[in-house]
Amino acid sequence: MLEHMLPSIISVSPLLYVGVFILTVYVIWDKNRPPRNIPQFPVKPYPVLGHLPMLGKDTLGLLKEWRKTTGDIYSIYMGPKLAVVLSSYQLLKEAFIKNGDYFSDRPHRFVDTDERFAGGLIDTSGPVWKEQRGVAISILKKLGMGKNVMGEKVNREVKAYLEYLTKTKGEPLDARPLTNACVSNVIGAVLTGNRLELDDPQLITFFEALDQQVKNMQGTSILRVFPWLKYLPGDLFNAKALLNNEELLTKFCSNYINKLRETHEGSTGENFIHSYLTEEKLRKESSQETTLNNQNLTMVVSNLFQAGSETTSTTLMWVMLYAIHYPDIQRKLYEEMKETLGTERLPNVEDRPRLKYVNAYLMETQRLANIAPLGLPHLCPKTTNLRGYTIPAGTIILPHLYAILHDEKNWGDPMVFRPQRFLDDEGNLVVPEYFIPFSIGRRNCVGEALAKLELFLFTTGIIQFQLLPEDPDNLPSLNPIFGITCSPKPYKIRFVPRH
């Protein structure tokens, strides 16, 4: 009987193999085919890698072209992960403000796939993020965020900054390291209650690691999609370098936390870390369920330190670069301060409403430099709809701030540096609702008030010098380096005392 069955088994087997192969191909295709009714693609994605190979050196230029051909909302594949790009203010407002429940989560970065760096403010979602953000905002307000007491802390660093600049006697200087250190000392004083000297080895090591981290982040989107690439020999995608630098940055913060934990008993909460520890203790003693713990505190402090240092110091480097490119505008800044306040003192928080042209200049710098052109990505936790399109659960949302801050429909001449666009005919400040350098919605920048205060006080201090280029016949480039932020290319500048 077996002899009679063998021919049929042999004859069926090839058909079975073909059927299994076809079924496997179908399952893979069905799993990876685009969901129905999603925003259209600007171009067809590659298998497996999606649109990642196309997002090369000129990512912003490519996104600009795709917006022209596809519209303000379109889909791209980052590897196998669907992402939707939102390129207009109205779309961001509809998603992040009107439908915040569906668009306020955060996708994981490559770095926080390592448990040592999980938690904090930037990369968490849900209850963890809500509690950490709520506590952080409450503490920062208590410590005087945006008020006179905070202005005094900022001006202490501004004075140290100006004293150092005076010692240069007008010689060309790469101001980036000094700017990094002084800005970092502001957030450092808020977080720890202490400041470091500008030549402190710890501060220098921190900024070397942060600078390297910013450079390493360029072109690492593939690690978010394929984190297993870190196991490949060598470090082709900077995975190992990213983790090593993150360890250095986190260790810098955890050292402060450990020291302050020892002095926490009896503390009046004069700094962020003490205040967080106090709140953690109160919640645990009252048997509240809480995510306040050492891991989240370490990452919150690291998030605030890194974000509060990098973005503000980068913006200040653009402030100085535009000043040497537009000397007539620089002259107007100084004349407004001289006529309004005189030259005998540094400006303070209460002077901000009076220096309208200075505020317009800072806003124009933020708009044109646009240091966070894609903001930070959001994640859609539940399937929803936007403008008639289906946005599936798990979709990454990319806020295209570069397009919004450079939109010809709103700005007219977006690539022209023109502070007057923020002033009306009477010289009063006008802030359009689509001016959103800090993004909008539930995920907008926690440190926005402090950043604005720092930009105002440092800028009004800097402009008390005449800012001149190292070589008047060869001005530094205005073309940015596109990484985690858009930074100016390195340049030197002369700070010449005006009197």
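Residues numbered from 1 in each chain as written. Predicted model: local features only at pLDDT ≥ 70, side-chain atom pairs only at ≥ 80, totals over all residues. Heavy atoms only, no water.

As for the overall build of the protein chain
At step 1: Within the protein chain, the secondary structure is distributed over 17 helices and 10 strands.
At step 2: Taking 2.2 N^0.38 as the reference for a compact globule, 499 residues should give roughly 23 Å; the C-alpha atoms of the protein chain span a radius of gyration of 26 Å, in line with that estimate.
At step 3: In terms of overall dimensions, the protein chain has a C-alpha envelope of 110 × 55 × 45 Å along the principal axes.
At step 4: Summarising the internal contacts of the protein chain: among those between residues at least 6 apart in sequence, 74% fall at separations of at least 24.
At step 5: Accessible area for the protein chain stands at about 24300 Å²; split by element, carbon and sulfur atoms hold 56% of it.
At step 6: Measuring between centres, the 56 positive side-chain charges of the protein chain sit 3 Å from its 54 negative side-chain charges. (Helix = DSSP H or I, 4+ residues; strand = E, 2+ residues; numbered from the N terminus. Rg over C-alpha atoms; globule rule 2.2 N^0.38 Å. Contact = heavy atoms within 4.5 Å. Areas by Shrake-Rupley, 256 points an atom, 1.4 Å probe, with all protein chains shown as cover. Lys, Arg positive; Asp, Glu negative; His and termini not counted. Charge placed at Lys NZ, Arg CZ, Asp CG, Glu CD.)

A look at the packing of helix α10 (residues 239-262) against helix α11 (residues 272-285)
Between two packed helices, what matters for the description is the angle formed by their axes and the separation of those axes.
At step 1: Interaxial distance between α10 and α11 falls to 10 Å at its minimum, and their mutual angle equals 65 degrees. With respect to the hand of their crossing, α10 and α11 are arranged in right-handed fashion. Of α11, the residues touching α10 (which contributes Y256, I257, L260 and R261) are I273, H274 and L277.
At step 2: Of the residues assigned to the contact of α10 with α11, the class counts are five nonpolar, one polar and one charged. (Axes fitted to C-alpha atoms, helices over the stretch in contact; angles between N-to-C directions. Left-handed = near helix turned anticlockwise from the far one by under 90°. Nonpolar A, V, L, I, M, F, W, Y, C, P; charged D, E, K, R; others polar.)

Quick look at the sheet that holds strand β3 (residues 378-379)
At step 1: Spatially, β1-β2-β6-β3 is the arrangement adopted by the four strands of the open sheet, whose pairing is mixed. A single partner strand is all that each edge strand has here, and the edge strands are β1 (73-78) and β3.
At step 2: Sheet topology places β1 next to strand β2 (residues 81-86); six bridges connect them, and they run antiparallel. Its bridge partner lying in β2, I76 is registered against A83. (Pairing = 2+ DSSP bridges.)

As for unusual backbone geometry
At step 1: The backbone of S287 sits at a positive phi, close to 60 degrees, despite the residue not being glycine.
At step 2: For S287, a relative accessible area of 66% corresponds to the exposed category. (Buried < 20%, exposed > 50% of the residue type's maximum accessible area, 1.4 Å probe, protein only.)

Some points on the pairing of β1
At step 1: For β1, the buried fraction is high: six of the six residues fall into the buried class.
At step 2: Burial along β1 is two-sided: the face carrying I73, S75 and Y77 and the face carrying Y74, I76 and M78 are both buried.
At step 3: The hairpin turn running from β1 into β2, its antiparallel successor, is two residues long, and G79 in that turn takes a positive phi close to 65 degrees.

What to know about the environment of G441
At step 1: Tracing the chain through its elements places G441 in the loop between α16 (408-411) and α17 (448-462).
At step 2: Considered as a pair, G441 and P414 are 27 residues apart in the sequence and their alpha carbons are 24 Å apart.
At step 3: With sequence-adjacent residues up to four places away left out, G441 is seen in contact with F96 and I97.

Points about the nonpolar core
At step 1: Counting 91 residues, the largest nonpolar core has Y161, F272, V301, M320, F458, L467 and F495 as the members making the most contacts within it.
At step 2: The dominant element in this core, judged by the number of residues it contributes, is helix α12 (residues 294-325), at 14 residues.
At step 3: By size, the runner-up hydrophobic cluster in this structure holds 24 residues, among which are V85, F226, A239 and L379. (Core = buried A, V, L, I, M, F, W, Y, C linked by side-chain atoms within 4.5 Å.)

Here's the deal with the side chain of R421
At step 1: Along the polypeptide, R421 turns up in the loop between α16 and α17.
At step 2: For R421, the side chain forms a polar contact with the side chain of D413, separated by 3.0 Å.
At step 3: Here the side chain of R421 touches V416 through a polar contact of 2.9 Å, landing on its backbone oxygen.
At step 4: Once residues lying within four places of it in the same chain are set aside, the contact partners of R421 are E364, R367, W411, D413 and V416. (Polar contact = N/O pair within 3.5 Å; in protein donor to acceptor, adjacent residues only side chain to side chain.)

As for the packing of aromatic side chains
At step 1: One pass over the structure, following the stated rule, counts 16 aromatic pairs.
At step 2: Aromatic side chains W411 and F422 sit 5.7 Å apart centroid to centroid with 55 degrees between the ring planes, which places their arrangement in the tilted category. Placement of the pair is W411 in helix α16 and F422 in the loop between α16 and α17, with a sequence separation of 11 residues. Each member of the pair W411 and F422 is classed as buried.
At step 3: With centroids separated by 5.2 Å and ring planes inclined at 65 degrees, the aromatic side chains of F422 and F435 adopt a geometry described as edge-to-face. With F422 in the loop between α16 and α17 and F435 in the loop between α16 and α17, the pair connects residues that are 13 residues apart, well separated along the chain. Exposure class is identical for F422 and F435. Each is buried.
At step 4: Clustering of aromatic rings is evident, with ring pairs tying together W318, Y322, Y326, Y361 and F417. (Phe/Tyr/Trp six-rings, centres within 6.5 Å; stacked < 30°, edge-to-face > 60°.)

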